Amino acid sequence: MNKLRFAFTALAFMAFTLAVSSSAQAQATRTWVSGVGDDVNPCSRTAPCKTYAGAISKTAKDGEISTLDPGGFGTITTTKSITINGGGAGQGYGSILSALAPQGVLVNITDVNDIRKSVKLNWLDINGASTGTDGIRMIAGNTLHIENTFIDGMAGDGVDINVSVGIAFSMKNVSIRNCVGSGVKMASTGGGSVGFSLNNVQVSKTGTGIDVQNGARGTITDTVIALNTTGISVTEAGNDAEANIVNATITGHVTGISVGAGARARIARCLITQNVTSLTPAAQVDTGNNNTIMGNTNNTAPAGLPFPQN
């Protein structure tokens, strides 16, 4: 009987070891997708998957999904740290059609064993077709980087950062247009902060171009905000909201920069023109007196400084 029990125990251990080994083999550090792939494939370079969702299930935490050629690769939900590379610079182009979907990309990382909780999105084209809600939405995680990406046609926001703890968020070389809500909306709902850096971002034809809400603090540089209802809004609801705006063009709005009670905006080397009102209230905007504010219906100057501002 003891020998039989030992044999069963040994067999169970071997089965467990094989299961763990098989699971580990299924999770590759780098996987691939192709417009002519298939999600039953192992997502290798020679046998790529068809969708990003299919590849995520076969990609290890902190791994990377690469795109071999142009195609439509489906919406994404990630609950682990990952890099998704749409394959710009001649390799391919990652298209996500999110019509009628809550979002093109959802980042929701809560696993305590995922130390980095970090997502990088690169060379993606996210199209809401006027019925998708948000382009990219983050509700949990530590870090989100978006680069070389186009977001268009959302019924909600282009990018919606709505987290309960502090995170780091960056965007570089990103274009957002034709969104009913905000181009970029950032807020912390739980007393944390959203530290943000937006560089070379272009936002047009949205409700609010860049919406810096409760707990969001950071810098916007080398950016064009044009033809939205409000260019940049900075509001505060119990947790400081601050925006440093450098080398930006803000044009074609009802209000160029709007700052709520308790919030602060700082501008340097900005062109603010062809808006109905340049700044409101101007007293909550700090400046080094090195901006160009002219050609607005109401040329309001920061903190009562005289014109010209250049």
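In what follows, the structure referred to is the one given above.
All values derive from a computational prediction rather than experimental measurement. (Residues numbered from 1 in each chain as written. Predicted model: local features only at pLDDT ≥ 70, side-chain atom pairs only at ≥ 80, totals over all residues. Heavy atoms only, no water.)

Honestly, the overall build of the protein chain in this entry has me stumped. Any pointers?
Within the protein chain, the regular secondary structure consists of 2 helices and 23 strands. Classification of the 310 residues of the protein chain by burial places 49% in the buried group. In the protein chain, once contacts between residues fewer than 6 apart in sequence are set aside, the share between residues at least 24 apart is 52%. (Helix = DSSP H or I, 4+ residues; strand = E, 2+ residues; numbered from the N terminus. Buried < 20%, exposed > 50% of the residue type's maximum accessible area, 1.4 Å probe, protein only. Contact = heavy atoms within 4.5 Å.)

Please explain the pairing of strand 6 (residues 94–97) as it appears in this structure.
On a regular strand, each side chain points to the face opposite its neighbour's, so the side chains alternate between the two faces of the sheet. Residues G94 and I96 line the buried face of strand 6, whereas the alternating positions S95 and L97 sit on a face that is not buried. As defined by bridge partners, strand 3 (residues 71–72) adjoins strand 6 across 2 bridges and the pair is classed as parallel. Each residue of the ladder has a partner; that of G71, found in strand 6, is G94. Here strand 6 pairs with strand 9 (residues 124–132) via 4 bridges, running parallel. By the bridge assignment for strand 9, G94 is matched with L124. (Pairing = 2+ DSSP bridges.)

How do you make sense of the environment of N239 when you look at a structure like this?
Looking at the element boundaries, N239 is found in the loop between strand 16 (230–234) and strand 17 (242–251). On the accessibility criterion, N239 (13% relative accessible area) is buried. Ignoring any residue separated from it by four or fewer positions in sequence, one finds N239 in contact with G191, G192, N214, G215 and R217. There is a polar contact of 2.6 Å between the side chain of N239 and the backbone oxygen of G192. (Polar contact = N/O pair within 3.5 Å; in protein donor to acceptor, adjacent residues only side chain to side chain.)

Can you help me understand the state of the cysteines in this one?
Each disulfide is one covalent bond, formed between the sulfur atoms of two cysteines. This structure, assessed with the given rule, holds 1 disulfide. Here C43 engages in a disulfide with C49; their sulfurs sit 1.8 Å apart. Linking C43 and C49, the disulfide has an S-S dihedral of approximately -70° and is accordingly described as left-handed. Given the relative accessible area of 1%, C43 is considered buried. By relative accessible area, C49 is classed as buried at 0%. (Disulfide = S-S within 2.5 Å.)

Before we go on, may I ask you to explain the side chain of D211 in this structure?
Mapped onto the elements, D211 comes out in strand 14 (residues 194–212). Despite being buried, D211 has no salt bridge partner; K185 is the closest side chain of opposite charge, sitting 5.9 Å away. In this structure the side chain of D211 is engaged in a polar contact, spanning 2.9 Å, whose partner is the side chain of Q213. Each residue touching D211, except ones within four places of it in the same chain, is listed here: S182, V184, K185, M186 and S233. (Lys, Arg positive; Asp, Glu negative; His and termini not counted. Salt bridge = Lys/Arg side-chain N within 4 Å of Asp/Glu carboxyl O.)

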